[in-house]
Amino acid sequence: MKPTDFSGKQVTVLGLGRSGIAAAILLKEAGAQVTVSETKEESDFRRLAESLERKGILVELGGHTPASLKGRDLIVTSPGVSPVSRPFQWAKEEGIPVISEIELGTFFCPAEIIAVTGTNGKSTTVTLLGNILKAAGKRAHVCGNVGEAFCGVIPKIQKGDWVVLEVSSFQLETCYTFRPRIAVVLNLTSNHLDRHASFEAYLLAKRRIARSQTEKDFLLLNADDPFVRMFGKGLSVKSLFFSRSRPVEGSFLREGEFFVQWGGKEEWTASLRHLQLQGPHHEENALAAILASRLAGVSSEAIEEGLSGFRGLRHRLTLVGEKSGVQFFNDSKSTTVASTLRALETVPEPIFLIAGGRAKNEDFRTFAKSPLLKKVKRMFLIGESRDKILAAVSGKVPTFLAGTLEEAVTQAFQEAHPGETVLLSPMCASFDMFRDFEARGEYFERCVTSLEALHAR
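Bear in mind that the values here come from a model prediction, so they are computed numbers and not experimental data. (Residues numbered from 1 in each chain as written. Predicted model: local features only at pLDDT ≥ 70, side-chain atom pairs only at ≥ 80, totals over all residues. Heavy atoms only, no water.)

Asker: Please clarify how the overall build of the protein chain should be interpreted in this entry.
Answerer: Of the regular secondary structure elements, the protein chain holds 16 helices and 20 strands. For the protein chain, the spread of C-alpha atoms along the three principal axes comes to 65 × 60 × 35 Å. The buried share of the protein chain, reckoned over its 457 residues, is 57%. By element, 49% of the accessible surface of the protein chain is carried by carbon and sulfur atoms, the whole surface being about 18,800 Å². Measuring between centres, the 57 positive side-chain charges of the protein chain sit 3 Å from its 53 negative side-chain charges. (Helix = DSSP H or I, 4+ residues; strand = E, 2+ residues; numbered from the N terminus. Buried < 20%, exposed > 50% of the residue type's maximum accessible area, 1.4 Å probe, protein only. Areas by Shrake-Rupley, 256 points an atom, 1.4 Å probe, with all protein chains shown as cover. Lys, Arg positive; Asp, Glu negative; His and termini not counted. Charge placed at Lys NZ, Arg CZ, Asp CG, Glu CD.)

As structure tokens, this is what we get:
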């Protein structure tokens, strides 16, 4: 289905979130008759529904019904709607195709796409890559699973631009013709097992990023990750690699310098000192961004400028303040065991770690077995999963069960001494206590700000 095919078509959009709203408006402007179906009906959703209805878009609140899908030509799903949900079953029974908002956006996009996926580091990498492309004087649009929804950015995109998309497994599992010019896979660890049936199913969803690529496209893979390294097998796309540990066909780090290499030619690109972010994971992110930008025709000078001008993202291992010599780091975006272990690898010890929230069906025993746990002086556990984490780490590290995030911050501050670190890195989703990880991180920062008034030393 192409953009010109939407005039008069009946399309239902599942979900009234950021991507669902953007998809509905784009389809309406393309001439489709659009219905949006949403399970929630709180006042915020009623206001959103009213704004869409003023544009001539029908909205169903309070639950998906067969009537909103029957007879439709297409269904566009938001990432929060599971493929095993009833709307998907109804669509299958009716023979209606279901695609993601990301796939819909590609029908309208006139620009080349760089798509980035992986378990950790996606938002940082796409933002860094956008920074480098802009430093090179290119028009770059960073969107998808970060910032604006892809469909919402479509009206701004022109031929000759670059679109840098962060794509999640939830978005990829309903992509069928999605074909980025450059696809990047950063790393793969167990994640979202509350949604995917198994780690293997999660890997298969991620692999969809490259399923429609051809020999004219590029697939960039982390050579240091055993699951990622094998991603290109059986695909016709050209695979290049990035590595912190050894020279590869692609990009690599050697003695504090970034190099790119392909076709037997090795080129120096930038120095590690240009990268403002610390930690091995940020070096991997930089290697991926450097390789993608070189394939997009960016010079070494622009790469240096892009690296040195990037200070990182909020809620991604951000130093938010220092109180009485104690440093506070906001890593609210860390919703997996692997991402929290990366945080422990980076921040100075000893660490007072605040963790917990809604678990993603991960095994916290993996965390408890890590040698990095020795950097943690005490854990402050919050949220639905606090007892589960406690069971995993019992006897390995002192713990404190907090009723709220504010209590955890306050107690950690009372126990910490100058030169020590308080780190929010939850290992869990935020939805038991907060709207999203941003809201959790912002609340953490407010708690830190209030410490001086509440606990003057």
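Asker: What am I meant to see in the pattern of salt bridges here?
Answerer: For side chains bearing opposite charge, pairing can occur when the charged atoms are close. Following the criterion strictly, the structure yields 18 salt bridges and no others. Notably, a salt bridge pairs E148 with K156, separated by 2.8 Å at the nearest N-O pair. The class of E148 is partly exposed, set by a relative accessible area of 39%. Classification of K156 as partly exposed rests on a relative accessible area of 42%. Residue E415 is joined to R378 by a salt bridge in which the shortest nitrogen-to-oxygen separation is 3.1 Å. Linking E415 in helix α15 (residues 405-415) with R378 in strand β18 (residues 376-382), this pair joins segments that are 37 residues apart in sequence. Judged by relative accessible area, which is 23%, E415 ranks as partly exposed. The structure contains a network of salt bridges with shared partners spanning E112, R179, R181 and D217. (Salt bridge = Lys/Arg side-chain N within 4 Å of Asp/Glu carboxyl O.)

Asker: Which parts of the structure should I look at to understand the packing of helix α1 (residues 18-29) against helix α4 (residues 101-108)?
Answerer: For any two helices packed against each other, the geometry is given by the interaxial angle and the distance between the axes. At a closest axis distance of 10 Å, the pairing of α1 and α4 adopts a crossing angle of 35°. Seen along the crossing, α1 lies across α4 with a hand that is left-handed. Facing α1, whose interface residues are S19, A23, L26 and L27, α4 presents E101, L104 and F108. Looking at side-chain class alone, the contact of α1 with α4 contains five nonpolar, one polar and one charged residues. (Axes fitted to C-alpha atoms, helices over the stretch in contact; angles between N-to-C directions. Left-handed = near helix turned anticlockwise from the far one by under 90°. Contact = heavy atoms within 4.5 Å. Nonpolar A, V, L, I, M, F, W, Y, C, P; charged D, E, K, R; others polar.)

By themselves, these figures tell us nothing about what the structure is for.
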